[in-house]
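So the chains spell out like this:
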Amino acid sequence: MMNSPICDQPWRDAVCNSLGALIARRRLQADADRHAEEESLAAEPAAHEVLRRQLRAMLGWPLDVTPRDEQPVLAASTVESLGHVVDWANVSRITFEVTEGFHSYALVCSPNTPTDSPRPLLVFQHGGEGTPAQVLNLQGDSSYHQAVRQAVERGWTVVLPQLLLWQKEFQPPIDQFAIDRDLKQLGGSRVALDLRTLQRAAEETAAHFPVQENCWAVAGLSYGGFYALLAGALDQRFRAVLSSCYVNDRYRYNWGDWIWFDSARHLDDVLLAQLIHPRPLWIEVGTRDEVFDVKTARPVLCSIVERRKAAGSGESLVCREFDGGHEFCPDGQGLDFLTLSILSR
């Protein structure tokens, strides 16, 4: 006679139900701790730099390098003119060392009209599965529309860094999540290395092209919107920030490369926006975004607005919904905001 299998279903149901309740309770406590941190930021300006140090440590190497650590001597960068690959700008490729033998590159777009006059610098960051060439529409029309052209026509020198996010069909293929796991095992993260790449691209562009001092801004779409927000929060050299189609509820979108140990207590989109205060910040979300639900973005945007108003700098913030999908809004208003913010300083 065969033994009947043990029916564990009720016990498994109980395990799952209690786990859900446990996570809910822990999230409530994390929210309370994070809101207390938000209050301390509003009350004490010195708390901003304390939190920046905490976030650099959380993201890990190479952002958490301290002054006592030995700084690597980086190789000289190279600049190669690509000529008029587009008819509205001069395009160059700049290759540079990011850290300790790791190299990357960026495309730099400057106006056709030769000039030695310094121009403001805009880092425009591609999104997931993206490349600088894709942002320039060199591979057909894209969700970036003509953002870089619009920026160049407004007087910017634009740098487009390549981060470790390109599509798998490009050679050699990469797995951004495997890279993140590898680096987290080694005390860093892919996001930390990508952010340092973005910073180095800006630094090397400023070293080789006529760039106005203290006139850097950063913008990006999707993953690029995340990096724009993060770069603005952690690096005050970026004097204005535009984040497109990223800001949302981090519990709803807690992707593996956007979370770190205990990050619910110290890192969400509202806190990052607070660390950009009082610098100008433009946030836009598409009402028909097929990747990130606008309905869960709205409460986050409201919290960001409330924090800015309480800090007395609501005029330097725009949180905007536009009639579109997961794309950079093509009407140019965000770029106008960045341009006016920088030129009015």
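Residues numbered from 1 in each chain as written. Predicted model: local features only at pLDDT ≥ 70, side-chain atom pairs only at ≥ 80, totals over all residues. Heavy atoms only, no water.

S.K.: Would you mind showing me how to read the overall build of the chain here?
M.R.: Looking only at helices and strands, the chain features 11 helices and nine strands. By the compact-globule yardstick of 20 Å for 345 residues, the chain fits well, its C-alpha radius of gyration being 22 Å. Along the first, second and third principal axes, the C-alpha set of the chain runs to 85 × 55 × 50 Å. Buried positions account for 51% of the 345 residues belonging to the chain. For the chain, contacts bridging at least 24 residues in sequence account for 73% of all contacts bridging at least 6. By element, 54% of the accessible surface of the chain is carried by carbon and sulfur atoms, the whole surface being about 16400 Å². In the chain, which carries 33 positive and 45 negative side-chain charges, the distance between the mean positions of the two groups comes to 3 Å. (Helix = DSSP H or I, 4+ residues; strand = E, 2+ residues; numbered from the N terminus. Rg over C-alpha atoms; globule rule 2.2 N^0.38 Å. Buried < 20%, exposed > 50% of the residue type's maximum accessible area, 1.4 Å probe, protein only. Contact = heavy atoms within 4.5 Å. Areas by Shrake-Rupley, 256 points an atom, 1.4 Å probe, with all protein chains shown as cover. Lys, Arg positive; Asp, Glu negative; His and termini not counted. Charge placed at Lys NZ, Arg CZ, Asp CG, Glu CD.)

S.K.: Is there a simple way to think about the side chain of Asp180 in this case?
M.R.: Turning to its location among the elements, Asp180 is positioned in helix α5 (residues 176–185). A polar contact of 3.0 Å, which involves the side chain of Asp180, links it to the backbone nitrogen of Arg190. Apart from the residues within four sequence positions on either side, Asp180 is in contact with Ser189, Arg190, Val191, Gly256 and Asp257. (Polar contact = N/O pair within 3.5 Å; in protein donor to acceptor, adjacent residues only side chain to side chain.)

S.K.: What am I meant to see in the pattern of salt bridges here?
M.R.: Opposite charge on two side chains lets them pair, provided their charged atoms get close. Counted according to the given criterion, the structure contains 25 salt bridges. A salt bridge links Glu153 to Arg149; the shortest N-O distance between them is 3.0 Å. Taken together, the residues Glu153 and Arg149, both in helix α4 (residues 147–153) and four residues apart, mark about one turn of the helix. As a salt-bridge pair, Glu203 and Arg237 come within 3.0 Å of each other at their nearest N and O atoms. With Glu203 in helix α6 (residues 190–208) and Arg237 in the loop between α7 (223–234) and β7 (238–244), this residue pair connects regions lying 34 residues apart in the sequence. The class for Arg237 is partly exposed, based on a relative accessible area of 34%. Several salt bridges share partner residues, and in doing so they unite Arg196, Arg200, Glu203, Glu204, Asp235 and Arg237 into one network. (Salt bridge = Lys/Arg side-chain N within 4 Å of Asp/Glu carboxyl O.)

S.K.: Can you walk me through helix α1 (residues 9–43) in this structure?
M.R.: For α1, with 35 residues, the first-to-last C-alpha span of 51 Å sits near the 51 Å given by 1.5 Å per residue. Those residues of α1 lying buried are Ala30, Asp31, Arg34, Glu37, Glu38 and Leu41. As for α1, its buried residues are in contact with α2 (47–59), α8 (263–266), α9 (269–276) and α10 (294–310). (Expected span 1.5 Å × (residues − 1).)

S.K.: Explain the environment of Val85 here, please?
M.R.: By the element assignment, Val85 lies in strand β1 (residues 78–86). C-alpha separation for the pair Val85 and Leu138, spaced 53 residues apart in sequence, amounts to 8.4 Å.

S.K.: Explain the packing of aromatic side chains to me, please; I cannot follow it from the model alone.
M.R.: The geometry of two aromatic rings is summed up by the distance between their centres and the angle between their planes. The full count for this structure, using the stated rule, is 14 aromatic pairs. With a centroid separation of 5.4 Å and an interplanar angle of 50°, the aromatic rings of Trp282 and Phe337 are classed as tilted. Here Trp282 is found in strand β8 (residues 281–286), whereas its partner Phe337 is found in helix α11 (residues 333–343), with 55 residues between them in sequence. Classification of Trp282 by relative accessible area gives buried; the value is 5%. Of the residues examined, Phe337 reaches a relative accessible area of 13% and is grouped as buried. Among the aromatic residues, those joined into a cluster by ring pairs are Tyr223, Phe226, Tyr227, Tyr246, Tyr253, Trp255, Trp258 and Phe292. (Phe/Tyr/Trp six-rings, centres within 6.5 Å; stacked < 30°, edge-to-face > 60°.)

S.K.: Looking at this structure, I do not really get α11. What am I missing?
M.R.: Residues separated by three or four positions in an α-helix point in the same direction, a consequence of the helix having 3.6 residues per turn. Among all positions of α11, only Gly334, Leu335, Phe337, Leu338, Thr339, Ser341 and Ile342 are buried. On its buried face, α11 is in contact with β4 (119–125), α4, β6 (211–221), β7, β8 and β9 (317–322).

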